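Structural overview for review
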Amino acid sequence: MTTDTTRLRLARRAHAQAIATLSRDRIEQGLGWSWTARRVARSLADPDTNVLVALDATDAVSGFGIMKFGDDEAHLLLLAVQAAQGRRGIGSAMMTWLEAVAVAAGVRRILLEARDSNAPARAFYRRLGYRELEMLPGYYQGREDSVRLVKDLWEWAATGLSRRAGDLRE
């Protein structure tokens, strides 16, 4: 996907450090850093995982998503957008891309977790059609609760719903 200022593409090994830093700064704050460049590189090498980046006009990483695919389910491991790039539709466009790949792969549903305390993230996923499935006490290093969310992709695809991945200004 390409727009005037942002492009979505599969990440390369050269993006691993920028992805890791963005994870540390936007997702893992207060928890300790587990998604290091080395761990991101392992995901890049995993044939069952897609690592997507949103690149700005200078090819800097403005966002990323990491999704692991199974036979019937996919698990969104991480999704983040640079704070300065927020509320421009980049996160929605990345989710649209990842969901379209999952549908094409025959995945029935996507699961993900969000911090219980992260109301904006939970609202973002609900706007995209995810529903809260269960509370996971102490999910984050035993220190913070999580909410697991799910989206039934076959139901979503069958209804003919689609978001325009190319419009980052939603």
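Located above this text is the structure these notes cover.
In this report, the structure presented in the accompanying data block is examined.

The rules behind the values
Residues numbered from 1 in each chain as written. Predicted model: local features only at pLDDT ≥ 70, side-chain atom pairs only at ≥ 80, totals over all residues. Heavy atoms only, no water. Pairing = 2+ DSSP bridges. Helix = DSSP H or I, 4+ residues; strand = E, 2+ residues; numbered from the N terminus. Axes fitted to C-alpha atoms, helices over the stretch in contact; angles between N-to-C directions. Contact = heavy atoms within 4.5 Å. Phe/Tyr/Trp six-rings, centres within 6.5 Å; stacked < 30°, edge-to-face > 60°. Buried < 20%, exposed > 50% of the residue type's maximum accessible area, 1.4 Å probe, protein only. Lys NZ or Arg CZ within 6 Å of the ring centre and 35° of its normal.

The pairing of strands in a sheet comes from backbone hydrogen bonds and takes either a parallel or an antiparallel form. Across the sheet, seven strands lie side by side as β1-β2-β3-β4-β5-β7-β6; this open sheet has mixed pairing. This sheet does not close on itself; its edge strands, each paired only once, are β1 (7–10) and β6 (131–140). Each strand of the sheet is rotated relative to its neighbour by a mean of 25°, with strand direction disregarded. In this structure, β1 lies alongside strand β2 (residues 49–55), joined through four bridges in antiparallel fashion. Counted as the bridge partner of L10 is L52 from β2. Sheet strands touched by helix α1 (residues 16–26): β2, β3 (61–69) and β4 (73–81). Its angle to β3, the strand with the most contacts, is close to 95°.

This brings us to the packing of aromatic side chains. According to the stated counting rule, one finds three aromatic pairs in the structure shown. Measuring from ring centre to ring centre gives 5.0 Å for F124 and Y125, while their planes differ by 70°; the resulting arrangement is edge-to-face. Here F124 matches Y125 in class, with each residue buried. Where Y125 meets Y130, the ring centres are 5.9 Å apart and the plane angle is 75°; that geometry is what we call edge-to-face. Its relative accessible area of 7% is what places Y125 among the buried residues. One aromatic cluster in this structure is built from F124, Y125 and Y130. Seen from the ring of W33, R24 lies directly overhead, with NZ or CZ sitting 4.9 Å from the centre. Between R39 and the ring centre of W35, over which it is positioned, the NZ or CZ distance is 3.8 Å.

These figures come from the coordinates and say nothing about function on their own.
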